[in-house]
Structure formats: C-alpha cells, structure tokens
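Here is how the chains run, residue by residue.
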Amino acid sequence: MKHTIKKFGILAITPLLLGLVSCGGDNPSPSGPVEVHFWHTFGSGSVAPAVELAADKFAQLVKENEGTEVKITLEYQGDYKTTREKIEKSFTAGTTPTIAVAYPDHVANYLAKEEKAGQFVYNIADYVSDSEIGFTKQAYLGDTSKQTASDFIASFYDEGKQYANEGIYSLPLYKSSEVLCYNEDALLREMKFWRPEIVSGAALKEYMTNISWTDFVALCKDTLTHKEEVLNTMDVPLYYDSDANFLISKICQLEIPYASIGSDGKGHIDFETGAARTKTEELLTHIKGLYDDGVLRTKGTENKYGSDFFKNGLCLFTVGSSGGTGYSMPDGDAFKYNVCRVPSSSTNPENTNLYVSQGPTITFLKNGSLTQAENDRRMHYAWMFAKYITSTNVNADLALNHSEGYIPVRKSAFSTDLYNEWLKEDDLVTKSADVLVNDIAGNYLNTKVFKGSAELREQVSGVIAKICKQSAPVSEALGEAINTAKTYM
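Residues numbered from 1 in each chain as written. Predicted model: local features only at pLDDT ≥ 70, side-chain atom pairs only at ≥ 80, totals over all residues. Heavy atoms only, no water.

Participant: Mind showing me how you'd approach the pattern of salt bridges here?
Facilitator: Oppositely charged side chains can pair when the atoms bearing their charge come close. Across all of its chains, the model carries 18 salt bridges by this definition. For the salt bridge of Lys-387 with Asp-143, the shortest nitrogen-to-oxygen distance reads 2.7 Å. Placement of the pair is Lys-387 in helix 15 (residues 372-389) and Asp-143 in the loop between helix 5 (125-128) and helix 6 (154-158), with a sequence separation of 244 residues. Accessibility classification places Lys-387 together with Asp-143 in one group, the buried group. Here the salt bridges share partners, and the residues they tie into one network are Arg-84, Glu-88, Glu-455 and Glu-458. (Salt bridge = Lys/Arg side-chain N within 4 Å of Asp/Glu carboxyl O. Helix = DSSP H or I, 4+ residues; strand = E, 2+ residues; numbered from the N terminus. Buried < 20%, exposed > 50% of the residue type's maximum accessible area, 1.4 Å probe, protein only.)

Participant: Teacher, can you tell me more about the nonpolar core here?
Facilitator: Soluble globular proteins tend to pack their nonpolar side chains together in the buried interior. The biggest cluster of nonpolar side chains holds 141 residues, and the ones touching the most others in it are Phe-38, Met-208, Phe-271, Phe-317, Phe-364, Trp-383 and Phe-385. Setting aside anything within four residues of it in sequence, one finds Phe-385 in contact with Phe-38, Val-51, Ala-54, Ala-55, Phe-58, Ile-72 and Ile-99. Counting residues in hydrophobic clusters, the runner-up holds 15 residues, among them Ile-87, Phe-91, Ala-102 and Tyr-169. (Core = buried A, V, L, I, M, F, W, Y, C linked by side-chain atoms within 4.5 Å. Contact = heavy atoms within 4.5 Å.)

Participant: Please explain the pairing of strand 11 (residues 337-340) as it appears in this structure.
Facilitator: In regular strands, side chains alternate between the two faces of the sheet. Side chains Tyr-337 and Val-339 of strand 11 all project onto a buried face; the interleaved residues Asn-338 and Cys-340 project onto the opposite face, where all are buried too. Both strand 5 (residues 178-183) and strand 11 contribute to a ladder of four bridges, which runs antiparallel. Bridge pairing in strand 11 links Leu-180 to Cys-340. (Pairing = 2+ DSSP bridges.)

Participant: Would you mind showing me how to read helix 19 (residues 453-468) here?
Facilitator: Residue pairs spaced three or four apart in an α-helix point in one direction, given the helix's 3.6 residues per turn. When the terminal C-alpha atoms of helix 19 are compared, their 24 Å separation across 16 residues agrees well with the 22 Å that a helix rising 1.5 Å per residue should span. For helix 19, the set of buried residues is Ser-453, Ala-454, Glu-455, Leu-456, Val-460, Val-463, Ile-464, Ala-465, Ile-467 and Cys-468. (Expected span 1.5 Å × (residues − 1).)

Participant: I would appreciate a short explanation of the sheet that holds strand 5 in the present structure.
Facilitator: Across a sheet, strands are paired by hydrogen bonds formed along the backbone, either parallel or antiparallel in direction. If you trace the five strands from one edge of the open sheet to the other, you get 9-6-10-5-11, paired in mixed fashion. Of all the strands in the sheet, just strand 9 (296-298) and strand 11 have a single pairing partner and so form its edges. Looking at each pair of strands side by side, their axes are set apart by 20° on average, direction ignored. (Axes fitted to C-alpha atoms, helices over the stretch in contact; angles between N-to-C directions.)

Participant: What am I meant to see in the environment of Ala-244 here?
Facilitator: Among the secondary structure elements, Ala-244 is positioned in helix 11 (residues 243-253). According to the relative accessible area criterion, Ala-244 is buried, its value standing at 3%. With 42 residues separating them in the primary sequence, Ala-244 and Ala-202 have C-alpha atoms 32 Å apart. Aside from chain neighbours lying at most four places away, what touches Ala-244 is Arg-457, Val-460 and Ser-461.

Participant: Quick question: what am I supposed to make of the confidence of the model for the protein here?
Facilitator: Detail in the predicted coordinates should be disregarded across regions flagged by low pLDDT. Chain-level statistics for the protein give a pLDDT mean of 90 and a share of 92% at 70 or above. When the criterion is pLDDT under 50, residues 1-30 qualifies, and its contacts beyond four places in sequence or with other chains add up to 80 contacts. (pLDDT = per-residue confidence, 0-100.)

As structure tokens, then:
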C-alpha cells in the first residue's frame, strides 16, 4: 500500500532560492555539462520516480545558482547482491557509477579491492567539512545552518565510519529496522488467559512494547494451548522474515562478540571459539527448540515471507522490516493490528534496545576509464546532490511518501509538518515508523564491516534452516558457516 501526500511533494518543499553562491575553493571547471550516474536498487515502486524528480529539481537549482548543467541518471541494477556484483565487475570494465546504493559491508568489499587508498571509493570526510561545499554551506540546496552532521541520527551516520579504512565511506539515505506486527484482536483474546487485567488495545501495546524475549516466548507457547479460543486458523504463533537479522541481533543483545577488525586491518569472527562459540551454540539450540515446539518459522525454513501468513490469520506475530509492513496489512477490517519493537533477549538494562539497521546507504565511486579531474568533477556535484536528498524536507518526503515505512535519517525531519501529517494516516506503516522513532529511538547495531563481512552474514543466515529443516547438528552447521565465511576474508 503506497502512501502519498500530494500537497507535500518534493517540488512544494524545495527551499527558496537564495541567490548565487560558489561551489568551493576547488570548484571544478564550469565548462560543459556534468554527468552523474546513480546505480540503485529501488525497483518498480515509487522511490525511483521520486528520486528522479529530486534530481531534476537539484539540476534546476544548480543551473539557476551556478550556471552549471548537471545530469543525474538513475539506473536500476537489481537487488543489493546483484548491484554489488555489478559494481565489483565495473572496476575493471570501466563502467563504475558515481553514486551507488549499497549495504556497508558491500562498501567494505569495494575498499578491500583497492591497491591504494581512494582507488575506487571516495572518502567523504573532506567533503563533510569543506569550507564551501561541506554541510551547512549551500543554503540554496536546503543545506541550512541546521543541516550539520550531528543532525543525522547518530547510529545511521556512524555506519559510514565502521570500516577498516579510517574515514567516512557511505552516507545514509533513509532507514528501517525490524518491528513486530501482532493481531490485536486475537492477542486480546489470549490476554484473558495470560494477563486478564489487559483489556484494551492501549494497555496491550504498553505491555508488548516492554515484554522481554523470555516472556514473549512463553506467551507464544500459551497461544498454542488456547489456539481454538485465540486464533483457530493459526499455523504458528511467530514468523520471522530474516534469519540473519534474527541470529545477529540476538547475538548482540546477549553481548556475544560477533565480528571485529584486527590491528592487521582484517576482519575476525569473534564467535568462532571459546565462550562466545559456546553461547552462540546455546542460542542456536534455543532457536531449534522453538522450531521443534511449533512456536517459530522463518523465511529460511519456509522460503516464504511472514506477511501473507499474518494477514491471512496463519500466524499471530510476524517480524519483518518496517520498510515492508504495508504488505502485512489485512484486507479491509479483517482484524485490528498493531506494531511494537521486537522483544529483546538482553538482561542488561543498558543494552535492551539493540536492533539491526537496514535501508539504503549511498557510496561514492571512481570510474577507472575517466581522469582524476573528471571523477572529482562528477563527485563534486554528486556530493552536493547527496546533501540535497538528505536535507530535512526532501529526505522526509522521500522516506515518508515514497518508501513504504522507512524513516528519514535526520532528527530535524521528525519535527516537520510533513512527518506529523503523515502520522495521521495511522496504519501499520505509520505505526512502524513511530516505533522506530520513539521506541527503538536510535539504538541500532553498528557491527564492523570488512572484506568478507557480507559473506559472513550470508553464511549466518543459512544456519537456522540447516539445524531446523535439515536437522544438522548445531556445532557442525555453525562450524561450516564460519569456515565458508573465512574463505572470503
């Protein structure tokens, strides 16, 4: 279900033009048009057209204020993995784009391919602080005094620094995290057995927002006992979409070391041996028990997403990206629903809210078939465009009106009229965004990324299906995943 508030389109929220300004001390030559290629993963939804509209408006602003013609061409490359593979091939083919959507661990792979620093990936630290084109320096692009680096949600911005190389190598575009959708009608029926004092949707939301993972598991098991009274169509209480996110978030919530970058600049799997290995195997055994008891199914075990299960009454809870909660909404008034943060496994009050950060990040690349001067010229305007699409109002429009439940990356976006108007729609998508802003509140996992971290995540993702569907021994399945991941590191 798409959410558009037409009166708040990008054209309407563009800041007023504030006159001619300079592009900086190293301003590239204004002669000739500038071509910027933007490889993305946006698919056939409304995001790509919205970004294209923003690109056209950006080009208009630059032309009117600087006299330079800029053409930003958006080129869809497929999903994240396909785009990563195409970019890695582009380094030798001479087809590398200027901007690309990427996960941070993909950027780490690009950096690892460099024979010398800066060969493929731009370090944007110097652009961030540049005296003429850094943040807050170009008001005509909406880059006002409030648009500092500190206005970004800290954990989103800090993703760009989690690399073996010192510097900043990526910038958040808009973000999501995992949330728990629940069938409110059915769960209120369950509360008659579980917590009889909870009789309203508001009281239920308060309870679910603060429930621990241990109590949540016990609740799921109790719903099986009362299936006929609670939800007689239910196949399984809990469906979890991302096996990798499930395992990695639980590892981090339990304060088990996951991965790090050593003094040698290489990645290390911290749960490979010792107490961390033992605790990880205990966690996997716990997950296997949930599967065997009929409490849990995952995308990896069933090869299906939980949204169809949820909206058709086949599960009571589903965990998935806030960017996809619109797909879980039941038709019409089939049942009332709500959303909360995913119950945490942490027993440390200071470590309760640790969740996986998802959603598009952008990185800036060099094309080997171009001169350094031409690459820098393209990068100059690519950076300016990145500032524009991450500015408060434009970023809020892209995230809220066009992205199915993602949230903006700047704190200032949440106090805009646009954000508050959007929240009035009061459906699963807006409820999910509200959970990210007010309940998760910026407490996201920022694991180190390095050569092979993407493959480590992929291998971790497959362990749950192996132990649940194939009955592989836990230690054996985890060991195989670790050994395979190490071949990429």
